[in-house]
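# Structural description and commentary
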Amino acid sequence: MRNNQLMLLAGALAFGLVVGCSKKKDPSTNTNAAIEPASQPAAAAAPAASPNQPRVEREANFQAQDLQLSVEAYEKIYKRKPASLEQMVKEGFLASLPPAPPGKRFAYDPASARVSVVTR
């Protein structure tokens, strides 16, 4: 009898974990929204990925967003903006720059500290 109760309890816990972990979070209940200032700029200058964009362009935008986050991390750690993306690689902050899609390149504006994907 005790083994049956333990099995039922274990099954209920497993079911609760599966159901609890699979629920999608409602963005309107974001508890961090009150902590983060509303005036904070978007994390990346690259446009949001659209399903209609070619895969290569979407990938380039994601890479630009990653580079933007790296620039912001660099600023927080060193208390200054990097002069260039290449400087971040030379200093070992980045292992390397990701390859840009054909005919495009990653541009960095040191004045605004923004990364974007531009046509060559």
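Residues numbered from 1 in each chain as written. Predicted model: local features only at pLDDT ≥ 70, side-chain atom pairs only at ≥ 80, totals over all residues. Heavy atoms only, no water.

### Notes on the overall build of the protein chain
Worth spelling out the cut-off: Helix and strand labels come from DSSP, where a helix needs a run of H or I of at least four residues and a strand needs a run of E of at least two; each type is numbered from the N terminus. For this analysis, residues touch if any pair of their heavy atoms sits within 4.5 Å. Where accessible areas are quoted, they stem from the Shrake-Rupley method and a 1.4 Å probe; at the residue level, only the protein chains shown are allowed to cover.
Looking only at helices and strands, one finds three helices and two strands in the protein chain. Secondary structure elements of the protein chain occur, N-terminal to C-terminal, as α-α-α-β-β. Taking as baseline every contact in the protein chain between residues at least 6 positions apart, the subset at least 24 positions apart corresponds to 43%. Surface exposure of the protein chain reaches about 9000 Å², of which carbon and sulfur atoms provide 60%.

### Thoughts on the nonpolar core
Inclusion rule: What is meant by a nonpolar core is a set of buried Ala, Val, Leu, Ile, Met, Phe, Trp, Tyr and Cys residues, joined one to another through side-chain atoms within 4.5 Å. Under the scheme applied here, a residue whose accessible area is under 20% of the maximum for its type counts as buried, over 50% as exposed, and between as partly exposed, the area being computed with a 1.4 Å probe on protein chains only.
Counting residues in hydrophobic clusters, the biggest one holds eleven residues: Ala64, Leu67, Val71, Tyr74, Leu85, Met88, Leu94, Phe106, Tyr108, Ala113 and Val115. Of all the elements, helix H2 (residues 55-78) adds the most residues to this core, at four residues. In this structure Ala113 touches Gln68, Val71, Glu75, Lys81 and Tyr108, once residues within four positions along its chain are discounted.

### Some remarks on the confidence of the model for the protein chain
Cut-off, in case you're wondering: Per residue, pLDDT measures the predictor's confidence, with a range of 0 to 100.
When the pLDDT values of the protein chain are averaged, the result is 74; 57% of them are 70 or greater. Within the model, pLDDT remains below 50 along residues 6-10, and this stretch shows zero contacts once partners closer than five positions in the same chain are excluded. Note that residues 31-44 has pLDDT below 50 and, in this model, nine contacts with residues that lie over four places away or in other chains.

### Looking at the packing of aromatic side chains
To keep it simple, the criterion reads: Between 30 and 60 degrees the pair is tilted, below 30 it is stacked and above 60 it is edge-to-face, where a pair is any two Phe, Tyr or Trp rings, Trp via its six-membered ring, whose centres lie within 6.5 Å.
Counting across every chain of the model gives three aromatic pairs. Aromatic pair Tyr74 and Phe93: ring centres 5.2 Å apart, planes at 80°, arrangement edge-to-face. With Tyr74 in helix H2 and Phe93 in the loop between helix H3 (85-90) and strand S1 (104-109), the pair connects residues that are 19 residues apart, well separated along the chain. Under the relative-accessibility criterion, Tyr74 is labelled buried at 0%. Aromatic pair Tyr78 and Phe93: ring centres 6.0 Å apart, planes at 65°, arrangement edge-to-face. Of this pair, Tyr78 sits in helix H2 while Phe93 sits in the loop between H3 and S1, and the two are 15 residues apart along the sequence. Among the residues examined, Phe93 registers a relative accessible area of 25% and is labelled partly exposed. Linked through ring pairs, Tyr74, Tyr78 and Phe93 together constitute an aromatic cluster.

### Thoughts on the pairing of strand S2 (residues 114-119)
Our working rule: Note: two strands are recorded as paired if DSSP finds a minimum of 2 bridges between them.
Where S1 and S2 come together, six bridges link them in antiparallel fashion. Pairing of Phe106 across the sheet is with Val117, part of S2. Where S1 folds back onto S2 in an antiparallel hairpin, the turn is made up of four residues, including Ala113, whose phi is positive at roughly 60°.

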